[in-house]
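In case you want the letters, here they are:
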Amino acid sequence: MDLIGYRGKSSTESASGGCPRQPRIIDNATDDYDLALVKRIRAQEEDWELAFEQLVMKYQHSVLNTIYRYIGNYNEAEDIAQNVFIKVWHKIKTFKKKAKFSTWLYRIVVNQCLDYQRKKKKEGTVSLDDKLSEEKIPESLTVELDSEQKKKSAIIKQAINELPANQRIALILSKYENKSYQEIADIMGISLGAVAALISRAKESLKTKLIPLREKGII
Amino acid sequence: MKRKIKCPDIRKRLSAFLDGEVTEPEKFYISEHLKTCGDCQNEAEKLSQISDFLSFFTAVDVSPYFVSRLKLRLAEEKAHFANWTKRLVLPLEIAALFLLALIGGGYLGRILSEPRTEKDALLTEEIANVSGVSAFEDFSEGSLVQTFTNLLAEGGD
C-alpha cells in the first residue's frame, strides 16, 4: 500500500523559487511514511482520521502478534492491541519525531503487556494451561495446522510463556518482529549488552526445555 | 601477546553471533574458534535449532472487524470524555458563581460597615449645605402631607 503525500522543500530546492509542491510516492515500509501519517494526525488535518486508520492498518498485525505471543491468549491480546492504539490516539502529541514511530509504538506495546501481567498477578495467577484451554481463536484467523503441528506450537507457546517477562519480550521482538538488538534496547530502555544477555538467557532456557523433547522425538 | 579466547567467552556471545549482532572482529574470532572447537560447534547447532522451534509458534491473523471495533471504542471514548467534561464544567461553574457571590458580598459588607471617616462626614455636611437638605432634618413625625402643610404655615409667617 502506498501513500501519495506531498513534500515540502527539499534540501535541493532553493528557498526562494524551488520546484512547485508535487506529489511523491512514499513507501509505506519506511519511517517517512509513518512520520507523514503522524504529522497529519498531529496537525488534525482534514483527513487525520484516515491517516490514523492507515497507521493502524500498517501495525495491527505486528502489534497483535507481539501481544499474543507474550500473553498467549488471542481474545485478551486483541483487547490489549486495541488499548495500544487508543493510547497512540491519545498520546500521539507526546511522540518525539527524533525517535522512530515504531520504537515508540512498541514501547507502548511492551508497557501494556507488563501492565496486563501485573494486573493478572494481582487478581491471582492464571496458569498457561488454563489460558490455553480457555482460548478460542476463530479458525479463519489461524494458519491451518495438523495435529502434530498444533502440538508443537502449543509446546513452544508454553515454553515461551514460562520465560521471565523481560526475556520473553526481548526474544519475541528479536525472533518474531525481526528487531535489531539496538531497536530492542531503545524499546525496552535498556543497554545493548543487557538485550544480548536477555536473549541469550532466553535461548539457553528454551534449549534446556526443548532439546530433550527433540531428542525424544516429541517435537 | 594475543589472548587465547576461551570457550565460556565464546558461549556468552554465541547467541548474538547467530543473530548477526556482533562486531566484525568478534565475528572473525568466533568463526575461527568454531572451526576448531567441537563443543562450541555443538552448542551453536543447538541454539540454531531454537530458531527452528520458534517458527512452530505461528502468527495469527487480525480480525477483519479490528479497525471497526477500534473506531467504535474511540467514538465511545470521545463521548465519554465530552460527557465527563460536561459533568465537570457545571459544578465548576456553580462553584465559581458561589465564590464570586461570597467575595462580592464580603466586600460590600465591609464597605457598608466601615466607620465613616472625618473626611466623609465633612463631605456629607457640605453636600447638605449646598442642597439645603438640612432644612428637612427637623421634620416632625407624621405624614408627608402634614409635614408639607407645616412647612407652608411656617413659610406663611
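These numbers come from a predicted model, not from an experiment.

The rules behind these values
Residues numbered from 1 in each chain as written. Chains lettered and ligands numbered in written order. Predicted model: local features only at pLDDT ≥ 70, side-chain atom pairs only at ≥ 80, totals over all residues. Heavy atoms only, no water. Helix = DSSP H or I, 4+ residues; strand = E, 2+ residues; numbered from the N terminus. Buried < 20%, exposed > 50% of the residue type's maximum accessible area, 1.4 Å probe, protein only. Contact = heavy atoms within 4.5 Å. Areas by Shrake-Rupley, 256 points an atom, 1.4 Å probe, with all protein chains shown as cover. Salt bridge = Lys/Arg side-chain N within 4 Å of Asp/Glu carboxyl O. Polar contact = N/O pair within 3.5 Å; in protein donor to acceptor, adjacent residues only side chain to side chain. Nonpolar A, V, L, I, M, F, W, Y, C, P; charged D, E, K, R; others polar. Core = buried A, V, L, I, M, F, W, Y, C linked by side-chain atoms within 4.5 Å. UniProt positions renumbered as here; feature names shortened; annotations may be inferred.

Here's the deal with the overall build of chain B
When its secondary structure is counted, chain B shows six helices and zero strands. Counting every position in chain B, which comprises 157 residues, the buried fraction comes to 18%. Across chain B, every contact between residues at least 6 apart in sequence was considered, and the portion connecting residues at least 24 apart equals 38%. Accessible surface, chain B as shown: approximately 12300 Å² in total, 63% of it carbon and sulfur.

A few points about the overall build of chain A
A tally of helices and strands in chain A yields nine helices and two strands. Listing every helix and strand of chain A by position from the N terminus yields β-β-α-α-α-α-α-α-α-α-α. Looking at the 219 residues of chain A, the share that counts as buried comes to 45%.

Considerations on the interface of chain A and chain B
Taken together, the contacts link 49 residues of chain A with 32 residues of chain B. Among the salt bridges present, the one from E49 of chain A reaches K78 of chain B, with a minimum N-O distance of 3.3 Å. For the pair chain A and chain B, the interface holds 21 residue pairs in polar contact (both at pLDDT 80 or more). Within the residue set of the side of chain A that touches chain B, elements represented by two or more residues are α2 (48-71), α3 (74-91), α6 (147-161), α7 (165-175) and α9 (192-215) of chain A. A per-class count over the side of chain A that touches chain B returns 25 nonpolar, twelve polar and twelve charged.

A closer look at the nonpolar core
F52, V63, I67, F85 and F101 of chain A are the most contacted members of the largest nonpolar core, which has 82 residues in total. The dominant element in this core, judged by the number of residues it contributes, is α2 of chain A, at twelve residues. Once residues lying within four places of it in the same chain are set aside, the contact partners of F52 of chain A are I41, F85, V88 and W89 of chain A together with L70 and L74 of chain B.

As for the UniProt feature "domain: Putative zinc-finger" (unreviewed entry) in chain B
Residues annotated by UniProt as "domain: Putative zinc-finger" (unreviewed entry) correspond here to residues 7-41 of chain B. A helix fraction of 83% and a strand fraction of 0% characterise residues 7-41 of chain B, whose end C-alpha atoms lie 10 Å from each other.

Some remarks on the environment of K203 of chain A
Position of K203 of chain A among the secondary structure elements: in helix α9. Note: C-alpha distance between K203 of chain A and I160 of chain A (43 residues apart in sequence) is 9.8 Å. Every residue in contact with K203 of chain A, bar those within four places of it in the chain, is listed here: L171 and K175 of chain A together with S15, D19, L47 and I50 of chain B. Of note is the side chain of K203 of chain A, whose polar atom sits 3.1 Å from the side chain of D19 of chain B.

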